[in-house]
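# Topology and contacts: notes
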Amino acid sequence: MEVIDILREVSKKIYENVKDLSGTEEAAGDFGIGAGGDISRNIDIIAEKTVLDYLKEINFECTVLGEECGRVELSDNPKGFLIMDAIDGSANSVRGVPFFCSSLAFATDYKLSSITDGVITNLSTGDMYWASKENGAFFNNSKMHVHEKDPIYKIVGINTSGATPDLMKKLFPIFEQHNHTRHFGANALEMAMFAKGLMDVFIDLRKKIRIQDIAAGYLIVKEAGGIILDENFNSLDADLSYETRVSFVAASNKKILDEIFHDVKL
Ligand code: IPD
Ligand code: CA
């Protein structure tokens, strides 16, 4: 089985196991602080267990880097790293806001740029966004691409959750100049929707996002023809450690990026 097929198959299993849980008391159970530093909720644990059980069942030789479970060695001879955010948008999922997903990626080395496969599944609908390196990006069974035409108005996805007053001040020209800013609360799913052309940029400059939240989206954005840069507008790359936090801007193209950041001084 190809790696991408494994990720797609296990994503479907997560969807089956959690799709009726969102907003329920069962989803909310508190399991203390996970490896990523947030409280692990029951729905997170159920989703992660689904992945770990399946990988063990098919004897997939890898090192799992899970947001809640931490590093799990599934072999003495791992082929690479499976970067798992089994539920991205946990707060939404627990409250019943229908915007949360799973994000799974596979990397051959300990860095973002070595990711070869990524799958993001909308756990409210079952829709799947996925990509393998140099093979393009897909929404379910159709090829997908970032928005290419010059938009009449731009949809600017921007993660403002817990942003500092200083950052909000720096970003103010964006809010002032664009009437269609959006923030939905599940970073991976927002990256996937950006990659499908639903937004013109997706920005997260808080320096808070973890590797698990961006790994699959990083490849999917690139394979959909988008660019993904760090806060200095250089190509984004980072190691896969639990301490790593990044900022990024994803854009359909350089022209749109320049238009959005025209009056912004970071
Ligand atoms: C969170 C979501 C959210 C972002 C947070 C992340 P989680 O992931 O992606 O959109 O603002 O920084 O922690 O905790 O739900 O997996
Ligand atoms: Ca999570």
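Our subject in this report is the structure included herewith. None of these values were measured; they are calculated from a predicted model.

### Observations regarding the site of ligand 1
Near ligand 1 there are 16 residues, and of these D88, G89, S90, N159 and R210 occur at the shortest range. For ligand 1, an oxygen atom lies 2.8 Å from a polar atom in the side chain of D88. One nitrogen or oxygen atom from the side chain of N159 is found 3.0 Å from an oxygen atom belonging to ligand 1. Comparing atom positions with the cavity grids shows ligand 1 to sit within the largest pocket.

### Observations concerning the coordination of the calcium ion (ligand 2)
Coordination of the calcium ion (ligand 2) by the protein involves E67 (OE), D85 (OD) and I87 (O), with metal-donor separations of 2.3 to 2.4 Å. Along the chain, the residues that donate to the calcium ion (ligand 2) are spaced as E-x17-D-x1-I. Of this pair, E67 sits in the loop between strand 3 (63-66) and strand 4 (70-73) while I87 sits in strand 5 (residues 81-88); the two residues are 20 residues apart in sequence, bridging distant segments of the chain. In this structure, E67 and I87 share a single accessibility class: buried.

### A closer look at the packing of aromatic side chains
Overall, the coordinates contain seven aromatic pairs when judged by the stated rule. Between F202 and F248, the aromatic rings sit 5.9 Å apart at their centres with planes inclined by 50°, giving tilted as the arrangement. Taken together, the residues span a long stretch of sequence, with F202 in strand 13 (residues 201-210) and F248 in strand 15 (residues 245-251) at a distance of 46 residues. Pair check on accessibility: F202 and F248 agree, each one buried. Aromatic pair F233 and F261: ring centres 5.3 Å apart, planes at 75°, arrangement edge-to-face. Here F261 lies in the segment after helix 8 (254-260) and F233 lies in the loop between strand 14 (227-229) and strand 15, a separation of 28 residues in the sequence. Note on F261: relative accessible area 8%, which makes it buried. Sitting over the face of the ring of W130, R8 holds its NZ or CZ atom 4.0 Å from the ring centroid. In this arrangement the basic side chain of K196 is found over the ring face of F139, its NZ or CZ atom lying 4.5 Å from the centre.

How each quantity is defined
- Residues numbered from 1 in each chain as written.
- Chains lettered and ligands numbered in written order.
- Predicted model: local features only at pLDDT ≥ 70, side-chain atom pairs only at ≥ 80, totals over all residues.
- Heavy atoms only, no water.
- Near = heavy atom within 4 Å.
- Polar contact = N/O pair within 3.5 Å; in protein donor to acceptor, adjacent residues only side chain to side chain.
- 1 Å grid on protein atoms, 1.4 Å probe; cavity = no way out; pocket = protein on both sides within 12 Å on 5 of 7 lines; lining within 4 Å.
- Sits in = over half its atoms within 2 Å of the grid points.
- Donors = N, O, S within 2.8 Å, 3.2 Å for Na, K, Ca; no water.
- Helix = DSSP H or I, 4+ residues; strand = E, 2+ residues; numbered from the N terminus.
- Buried < 20%, exposed > 50% of the residue type's maximum accessible area, 1.4 Å probe, protein only.
- Phe/Tyr/Trp six-rings, centres within 6.5 Å; stacked < 30°, edge-to-face > 60°.
- Lys NZ or Arg CZ within 6 Å of the ring centre and 35° of its normal.

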